[in-house]
Amino acid sequence: MKEFPEDKYVMLFSKQGYVKRPPWLEFSHPRINGIIAAEVPEDDLLLEAQITAGNNDVILGTYLGKAFEVQ
């Protein structure tokens, strides 16, 4: 990406329900060894990363039919 608008965020979701929303701007200056966007435990798995405007309604659901809203 060439542009990193201040009003954008990256939504990160893990298999065990970990959610993080760092500003997109944090990814504008990568280091030689990369950027650690989220420290997910070894027994978990990062499933998804999406760019959002920060004011989107996000609902996560499980295969058992349970759901919750991320704010």
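In this text the structure is predicted, and so the values were computed from the model without any measurement.

Student: Help me out: how do you make sense of the overall build of the chain in this one?
Tutor: Within the chain, the secondary structure is distributed over 0 helices and 5 strands. In sequence order, the secondary structure elements of the chain are arranged as β-β-β-β-β. Seen through its principal axes, the chain has C-alpha atoms that stretch 40 × 30 × 15 Å. Split into buried and exposed, the 71 residues of the chain put 21% on the buried side. Taking the intrachain contacts of the chain between residues at least 6 apart in sequence as the baseline, contacts between residues at least 24 apart amount to 48%. Carbon and sulfur atoms provide 51% of the accessible area of the chain, an area that totals close to 5900 Å². Separation between the mean location of the 7 positive side-chain charges and that of the 11 negative ones in the chain comes to 2 Å.

Student: Teacher, can you tell me more about the environment of Val 58 here?
Tutor: Turning to its location among the elements, Val 58 is positioned in strand S4 (residues 58-61). Between the alpha carbons of Val 58 and Leu 12 there is a distance of 11 Å; along the sequence they are 46 residues apart.

Student: Looking at this model, I keep getting lost on the environment of Leu 60. Mind explaining?
Tutor: With respect to the element layout, Leu 60 can be found in strand S4. A relative accessible area of 19% places Leu 60 in the buried class. As for Leu 60 and Val 70, which are separated by 10 residues in sequence, their C-alpha atoms are 7.3 Å apart.

What counts as what
- Residues numbered from 1 in each chain as written.
- Predicted model: local features only at pLDDT ≥ 70, side-chain atom pairs only at ≥ 80, totals over all residues.
- Heavy atoms only, no water.
- Helix = DSSP H or I, 4+ residues; strand = E, 2+ residues; numbered from the N terminus.
- Buried < 20%, exposed > 50% of the residue type's maximum accessible area, 1.4 Å probe, protein only.
- Contact = heavy atoms within 4.5 Å.
- Areas by Shrake-Rupley, 256 points an atom, 1.4 Å probe, with all protein chains shown as cover.
- Lys, Arg positive; Asp, Glu negative; His and termini not counted.
- Charge placed at Lys NZ, Arg CZ, Asp CG, Glu CD.

Nothing here speaks to function; it is geometry throughout.
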